[in-house]
Amino acid sequence: AESDAMADRCQALIEERGWGFWAVELKASGAFIGFVGLHTPSATLPFSPCVEIGWRLAADYWGQGLASEAAWAALKTGFGTLDLSEILSFTAIENRRSRALMERLGMRETEEFEHPGVPVGHPLRRHCLYRLDRERFAAQLAAAE
Ligand SMILES: CC(C)(COP(=O)(O)OP(=O)(O)OC[C@H]1O[C@@H](n2cnc3c(N)ncnc32)[C@H](O)[C@@H]1OP(=O)(O)O)[C@@H](O)C(=O)NCCC(=O)NCCS
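Residues numbered from 1 in each chain as written. Predicted model: local features only at pLDDT ≥ 70, side-chain atom pairs only at ≥ 80, totals over all residues. Heavy atoms only, no water.

Before going further, it helps to examine the pairing of strand 6 (residues 126–133). Relative to strand 6, strand 4 (residues 86–92) is paired through 7 bridges, and the arrangement is antiparallel. Residue Ala92 lies in a different strand from strand 6, and its bridge partner there is His127. (Pairing = 2+ DSSP bridges. Helix = DSSP H or I, 4+ residues; strand = E, 2+ residues; numbered from the N terminus.)

Among the nonpolar cores identified, the biggest contains 26 residues, and Val36, Ile53, Trp55 and Leu75 are the most heavily contacted of them. Secondary structure elements with two or more residues in this core: strand 2 (32–39), strand 3 (52–57), helix 2 (66–79), helix 3 (96–104) and strand 6. Not counting residues within four places of it along the chain, the set of residues in contact with Trp55 comprises Phe35, Val36, Ala71, Ser89, Ser98, Leu101, Met102 and Leu105. Leu45, Phe47, Phe90 and Phe113 belong to the second-largest nonpolar core, a separate cluster that totals 7 residues. (Core = buried A, V, L, I, M, F, W, Y, C linked by side-chain atoms within 4.5 Å. Buried < 20%, exposed > 50% of the residue type's maximum accessible area, 1.4 Å probe, protein only. Contact = heavy atoms within 4.5 Å.)

The next thing to look at is helix 3. The complete set of buried residues in helix 3 reads Ser98, Arg99, Leu101 and Met102. Projected onto a plane normal to the axis of helix 3, the buried residues spread over an arc of 155 degrees and lie on a single side. For helix 3, the exposed residues set more than 90 degrees away from the buried face come down to Arg96 and Arg104. Contacts made by the buried residues of helix 3 are with strand 3, helix 2, strand 4, strand 5 (108–114) and strand 6. Gly106, located one to two residues past helix 3, shows a positive phi value of around 85 degrees. (Arc of directions from axis to C-beta.)

All quantities given are derived from atomic positions and should not be read as evidence of function.
Pasting the structure below:
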């Protein structure tokens with residue numbers, strides 16, 4: 001039920017703005033494996049307002065570059081179609097896979113902060129922030145193509 005409610009919120013935001021956390025499907029089978037996309041965080045954070053890139057794939061699909069492929073497409077939309085100047089990403093300090101993905105995308109870690117949505121004293125409260133600006137993304141795109 002919680003998962004369905006979240007999917008409904010993602011769908012509503014996409015209908016309202018035209019972009020958001022998109023469903024990710026395997027090209028070969030069309031199987032739904034998670035979401036990747038762009039979002040305006042609902043919490044007020046030290047660097048608000050901002051647009052973040054975020055992701056969550058079913059664990060069976062980790063380790064194959066699928067999140068990277070989808071994230072790259074989302075960044076192209078963010079910097080291209082939406083003409084954003086900067087896209088951020090943040091995660092709990094201990095989230096090694098998410099941080100590795102941010103680094104693969106060329107994002108740079110700039111600061112740490114306490115996430116106000118996580119209770120004080122909780123091990124996931126300490127977060128790290130990564131940033132990517134349009135110029136750096138364009139340079140990476142040129143190098144990749
Ligand atoms: C964060 C998350 C999306 C990362 O997924 P992932 O599969 O590790 O990320 P990628 O798609 O970049 O895949 C990288 C792995 O695939 C491998 N890979 C294979 N082909 C690849 C390719 N063409 N390109 C990139 N990586 C490739 C890499 O070597 C790497 O392997 P490793 O895990 O053994 O180091 C996933 O762990 C997840 O959904 N976590 C739970 C949700 C979560 O924590 N979200 C963030 C909350 S803030």
